[in-house]
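Now for the letters of each chain:
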Amino acid sequence: MVNRDIAADLVGGRSVKPLFRPYSVGSAQVDFPRNIKKSERKPMVTSVNELKRQARAAKTLRQNVQEIPLRAPENGLLVRELVPVAHEVYASRAELFACVSAVAGRIPIYLCSSCGEVHIGGSPHQIRTCNVKDSLSSKEHSWKIGGIESILPLVESFHLYDRVGRAVTHNERLQVDRIPAIVELCVQAGVDLPEYPTRRRTAPVYSVSGRIIDFERRFPKSDMPGKDINTYRFWNREKNHDKEKPVDIESNNIKVTAARGLEAWEKMCTGATKLMTKYAVQTCGYCLEVQVGPKGHRVRNCYAYKHQMRDGQHAWQEARIDDIIPPVYVWHVRGSCLVNDLRRYYGKLPAIVELFAQAGAQVGEKYADVMREDIAVPELDEDKLVV
């Protein structure tokens, strides 16, 4: 009878009460985002088998001489319902930079000069994770004062005057301007910036047997807007995407400013994710290069893993939101000094969220899994007693 009861319990015949309670009473713990090796390709959004199936279907469709229907934005037109989202993302980005500038003046930002790790607030941590070339043998970080670019890395993309036109070639790499990828995404989605002109079509393009037919180019109108615009050599003018009109922060309360900045961060990330569902963004599978548009550029400037086999060309694949807005994760724990022996009990947060959290902003449940605030951090003499 005892063996039958044990067998029934093992196969789920009846529920068994646990003999112990887990140490964490919150949500299930998740693994921290790991750094990809240089020889490892980024995870793909769409599987290779699905990409092959789509390519075979497109090849079969091109064999028939018929019109292939295209929807916005593949046909060159804007997605009307996403135009307000693009304006909101662009405004949230400007507001975010203003709030970060105000908060960063009171909370220090530290940057490792060897590996680029970031620490927010207080004295830099003592966790020995600096494992790069020319680093210290003890794997301790070499800290220095960082800035806004340390927690909000700049990811640039070539600005396309016509997003359905041909890709940027290698010989045009110095003629076409490069702007932040998030700004280029907003421009292609409907934000009009005088310094970065783009073509707004009134008639869609058509695809016949895989070839794009543009009737506006074949039969141009005499009053077609943008016909006298220089579509390249923007770099001859003064670049002002780093000198955008600042947003005035009227409140002197750092807690209010932090809450406002955290809200702008969430709006920017959420809105950019919505835009990327319609507007394609490409990234290299081995380096940090990003191109906003239906296809990647042809500039041969990839120096990542096995770039000689590709003649310096990028291994383009579909991008994620982390490719255009990379979250720099930092260690997160409240009320204690970070030491190396207790790092398995610490949580992590994106650096921008950690900055606003230390300034008094309330972090939502979205980051509860990686914060690990439901785990009690023991003392150094109690670490050996933890099972």
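An account of the accompanying structure is given in this report. Just so it is clear, the structure is predicted and the values come from calculations on it, not from any experiment.

1. So, the sheet that holds strand S9 (residues 281-284)
Within the open sheet, the three strands sit side by side as S10-S9-S11. Their pairing is antiparallel. Edge positions in the sheet fall to strand S10 (290-292) and strand S11 (316-318), since each has one partner strand and no second. Direction aside, neighbouring strands of the sheet carry axes that sit 30° apart on average. With three bridges connecting them, S9 and S11 associate as antiparallel partners. Across the sheet, the residue bridging to Gln-282 is Glu-318, located in S11.

2. Quick look at the packing of helix H7 (residues 254-276) against helix H9 (residues 351-358)
For the pair H7 and H9, the least separation of the axes is 8 Å and the interaxial angle reads 155°. Classified by the angle between their axes, H7 and H9 sit roughly antiparallel to one another. Between H7 and H9 lies a crossing whose hand is left-handed. Contact residues: Ala-258, Gly-261, Leu-262 and Trp-265 in H7; Ile-352, Val-353 and Phe-356 in H9. Classifying every residue of the contact of H7 with H9 by side-chain character gives six nonpolar, one polar and no charged.

3. A short note on the sheet that holds strand S4 (residues 143-145)
Read across the open sheet, the three strands follow the order S3-S2-S4; overall the sheet is antiparallel. Strand pairing shows two members of the sheet lacking a second neighbour, strand S3 (118-120) and S4, which therefore form its edges. For this sheet, the mean angle separating the axes of adjacent strands, direction not counted, is 30°. Taken together, the three bridges between strand S2 (residues 109-112) and S4 define a ladder with antiparallel strand orientation. Across the sheet, Tyr-110 pairs through a bridge with Ile-145, a residue of S4.

4. Quick notes on helix H5 (residues 181-188)
The buried count for H5 comes to eight of eight residues, which makes it a mostly enclosed element. When we look at burial in H5, the residues that qualify are Ala-181, Ile-182, Val-183, Glu-184, Leu-185, Cys-186, Val-187 and Gln-188. One or two steps after H5, the chain reaches Gly-190, where phi turns positive at roughly 135°.

Rules used throughout
Per chain, residue numbering runs from 1 following the sequence as it is written. Reporting in this predicted model follows two pLDDT cut-offs: at least 70 for local features of residues, and 80 or more for side-chain atom pairs to be given and counted; totals over whole chains, interfaces and linings ignore these cut-offs and use all residues. Remark: hydrogens and water are excluded; side-chain values derive from all non-hydrogen atoms of the structure. Between any two strands, pairing holds if DSSP finds at least two bridges. Here a helix means four or more residues in a row that DSSP labels H or I, a strand means two or more in a row labelled E, and each is numbered from the N terminus. For helices, the axis comes from a line fit to the C-alpha atoms of the stretch in contact; other axes are also lines fit to C-alpha atoms, and the angle between any two N-to-C directions lies between 0 and 180 degrees. Between 65 and 115 degrees an angle is taken as roughly perpendicular, under 35 as roughly parallel, over 145 as roughly antiparallel, and anywhere else as oblique. Two helices cross in a left-handed way if the nearer one is turned anticlockwise from the farther one by less than a right angle. They cross in a right-handed way if the turn is clockwise. By definition, residues are in contact when any of their heavy atoms lie within 4.5 Å. Each residue gets one label: Ala, Val, Leu, Ile, Met, Phe, Trp, Tyr, Cys and Pro are nonpolar, Asp, Glu, Lys and Arg are charged, and the others, such as Gly, are polar. Burial status follows relative accessibility: with a 1.4 Å probe on protein chains alone, a residue under 20% of its type maximum counts as buried, one over 50% as exposed, and anything between as partly exposed.

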